[in-house]
Amino acid sequence: MRLRGHDAGGTSADRIDQRYYAGLGLTYKLNRSAQIKGEVREDWLRSNITSNNYSATTFLLGLRLQQ
């Protein structure tokens, strides 16, 4: 992704962001009517502008009931 912006000195600069993610999910069937689901995801943003980089980890846990 390319964004046009201004740096701290007031001159225009090209901002380049690179976004990455990886995830893993799992479903465990307790019986015919109940399941436990889990997921973990890692997100990264890398930018050529100082202090705009970040990493985030997300955990999801769910229970599914059906008849």
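Calculation notes
Throughout, residues of each chain are indexed from 1 in the direction in which the sequence is written. Since the coordinates come from a predicted model, pLDDT governs what is reported: local features require at least 70, and pairs of side-chain atoms require 80 or more to be given and counted, while whole-chain, interface and lining totals use all residues. Note that water and hydrogens are dropped before the side-chain values are worked out from all heavy atoms of the structure. Here the rule is simple: two strands pair whenever DSSP picks up at least two bridges between them. Put simply, DSSP H or I for four residues or longer makes a helix, DSSP E for two residues or longer makes a strand, and each gets a number counted from the N terminus. Partly exposed describes any residue whose relative accessible area lies between the buried limit of under 20% and the exposed limit of over 50%, with all areas from a 1.4 Å probe on protein chains only and scaled to the type maximum. Contacts were defined at the residue level, with two residues in contact if any of their heavy atoms lie within 4.5 Å. Aromatic contacts are taken between Phe, Tyr and Trp rings whose centres are within 6.5 Å, Trp giving its six-membered ring; a plane angle under 30 degrees counts as stacked, one over 60 as edge-to-face, and the others as tilted. Note on criteria: charge over ring means Lys NZ or Arg CZ within 6 Å of the ring centre, with the direction from the centre no more than 35 degrees off the ring normal.

Enquirer: What is the right way to read the pairing of strand β4 (residues 54-65) from this model?
Expert: On a regular strand, each side chain points to the face opposite its neighbour's, so the side chains alternate between the two faces of the sheet. Looking at chain direction, strand β3 (residues 34-47) and β4 are connected through 12 bridges and run antiparallel. Within the sheet, the bridge partner assigned to glutamine 35 lies in β4 and is arginine 64. Two successive antiparallel strands, β3 and β4, enclose a turn made up of 6 residues, where serine 51 displays a positive phi of approximately 70°.

Enquirer: Help me out: how do you make sense of the environment of glycine 62 in this one?
Expert: Tracing the sequence through the fold places glycine 62 in strand β4. Taking the relative accessible area as the measure of exposure, glycine 62 reaches 28% and is therefore partly exposed. For the pair glycine 62 and glycine 38, spaced 24 residues apart in sequence, the C-alpha separation works out to 6.3 Å. Beyond its immediate chain neighbours, meaning those up to four positions away, glycine 62 contacts Gln35, Ile36 and Lys37.

Enquirer: Help me understand the packing of aromatic side chains, please; the structure alone is not making it clear to me.
Expert: Aromatic ring pairs: the centre-centre distance and the angle between the two ring planes describe each pair. Applying the stated rule across the entire model yields 0 aromatic pairs. If you follow arginine 41 out to its NZ or CZ, it ends over the ring of tyrosine 21, 4.2 Å from the centre.

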